[in-house]
Amino acid sequence: MDAGLSLDFLGVVEQAAIACAHTMGQGDRHHSDLVAVEAMRKKMDAVPMDGTIVIGEGERDEAPMLFIGEKVGKALHDAGAYPAIDIAVDPLEGTNLCATGSPNAIAVLAAAERGGLLHAPDLYMEKLVVGPSCKDAVSLDAPVAKNLGAIAECLERKVEDLVVVVLERDRHATLIEEIRAVGARIRLITDGDLSAGISAAVVGSGVHAVMGTGGAPEGVLAAAAMRCLNGEILARLVVKKPEHEERCRTMGITDFNRVYGASDLASSDSVIFAATGVTEGTLMDGVRFFGDGVRTHSLVMQTQPHRVQFIDTIHVHADSPNPRVHF
Ligand code: VTB
């Protein structure tokens, strides 16, 4: 994949973030999501690719835009030769976070060569996310105490010094008890295990692991980020009903108990990941509006060449007569 595409994708997540950031705190998460989707969809066709959405807003009949299977990119309007690329999107990860003005809402997408991202059904997924130092030391099936002991050892600190991020959900009551029992610190979050997972793979973010069950599509996006950050996500779909099995089969998944790693979920040699902060966050600032323009903070990464960029962009309003740029 052409490395230059990463900057095209940057523009896509920036526009999605700017659009929904206008709705911050309005209390309407569906509206926040809708404007992010619309802005992302609009910008997507400027990207020089023959793109296909493999993880999107839902099935074709339930999502008007960015639905699974939708074709996107310049190839739609122009007969030129463009690379075949699969795209996973979450135009607004943390719709509630945006609707309430809480931290860590992001606009995000991942891209890979065709076939390079797992077509994950919209089911729950058990996840364990850690950074590069710990990637070979943990197991999804190990007891929580054992994993935390291993993470502490890899990070050369005491278990009590770890911060584990967990979604605040009833289904995590036992997990939370087990983490508390070994004395590790916990950050309970209302939403947004994807941005927490990204933080876990960045040294100095103050997040050492993410544990628990969240959405499977976001697991694939997290995997793309882990490929770029050299972190690890271990994951297993939660398949409990015949209906879940059926949804897996339609996506081509037949082994329901498989434990996936980052390179199973995002298997392409060439992966691009782009995210823009919507609300202020651990790794990225939120969107800031000022008289003459808008400022966004993004994380853009790729595996080939292996590069991680934090990009601070000032978008100057076209009709601003005398724009001033602030440091
Ligand atoms: C949410 C959301 C997460 O999974 O928790 C969702 O905040 C599913 O969980 O970031 P619930 O059905 O319990 O809300 C994520 O979207 C992604 O994993």
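Structure: above.
Residues numbered from 1 in each chain as written. Predicted model: local features only at pLDDT ≥ 70, side-chain atom pairs only at ≥ 80, totals over all residues. Heavy atoms only, no water.

A. Spotlight on the site of the ligand. Within the structure, the ligand sits among Glu93, Tyr124, Lys127, Leu167, Arg169, Arg171, Asp191, Gly192, Asp193, Gly214, Gly215 and Glu218. Contact distances for the ligand include 2.8 Å between an oxygen atom and a side-chain N or O atom of Arg171. Within the side chain of Glu218, one N or O atom sits 3.2 Å away from an oxygen atom of the ligand. Judged by its atoms lying within 2 Å of the grid points, the ligand is housed in the largest pocket. Among the secondary structure elements, those contributing two or more residues to the shell around the ligand are β5 (124-130) and β8 (209-215). Grouping the amino acids of the shell around the ligand by side-chain chemistry returns two nonpolar, three polar and seven charged. (Near = heavy atom within 4 Å. Polar contact = N/O pair within 3.5 Å; in protein donor to acceptor, adjacent residues only side chain to side chain. 1 Å grid on protein atoms, 1.4 Å probe; cavity = no way out; pocket = protein on both sides within 12 Å on 5 of 7 lines; lining within 4 Å. Sits in = over half its atoms within 2 Å of the grid points. Helix = DSSP H or I, 4+ residues; strand = E, 2+ residues; numbered from the N terminus. Nonpolar A, V, L, I, M, F, W, Y, C, P; charged D, E, K, R; others polar.)

B. Inspection of the nonpolar core at higher detail. Counting residues in each nonpolar core, the largest one holds 52 residues, and the members touching the most others are Ile198, Ile233, Leu265 and Phe273. Counting only domains with at least three residues in this core, you end up with domain 1 (5-117 + 271-316) and domain 2 (124-265). Setting aside anything within four residues of it in sequence, one finds Leu265 in contact with Gly116, Leu117, Leu118, Met125, Gly219, Val220, Ala223, Ile233, Ala235 and Tyr260. (Core = buried A, V, L, I, M, F, W, Y, C linked by side-chain atoms within 4.5 Å. Buried < 20%, exposed > 50% of the residue type's maximum accessible area, 1.4 Å probe, protein only. Domains from an automatic or database assignment. Contact = heavy atoms within 4.5 Å.)

C. Focus on the side chain of Asp90. Checked against the element boundaries, Asp90 lands in strand β3 (residues 84-93). In this structure Asp90 is buried but unpaired, with Lys127 as the nearest side chain of opposite charge at 8.7 Å. Sequence-distant contacts of Asp90, defined by excluding residues within four places in its chain, comprise Ile106, Ala107, Val108, Glu218 and Leu221. (Lys, Arg positive; Asp, Glu negative; His and termini not counted. Salt bridge = Lys/Arg side-chain N within 4 Å of Asp/Glu carboxyl O.)

D. Summary view of the sheet that holds strand β9 (residues 232-237). Here we have five strands laid out as an open sheet, ordered β7-β6-β8-β5-β9, and mixed in their pairing. Each edge of the sheet is formed by a strand with only one pairing partner; in this case those strands are β7 (185-189) and β9. Pairs of neighbouring strands in the sheet enclose a mean axial angle of 20 degrees, with direction left out of account. As defined by bridge partners, β5 adjoins β9 across six bridges and the pair is classed as antiparallel. Residue pairing for β9: Lys127 is matched across the bridge by Ala235. Strands β6 (163-167), β7 and β8 of the sheet are contacted by helix α5 (residues 173-182), whose axis makes an angle of about 155 degrees with β7. (Pairing = 2+ DSSP bridges. Axes fitted to C-alpha atoms, helices over the stretch in contact; angles between N-to-C directions.)

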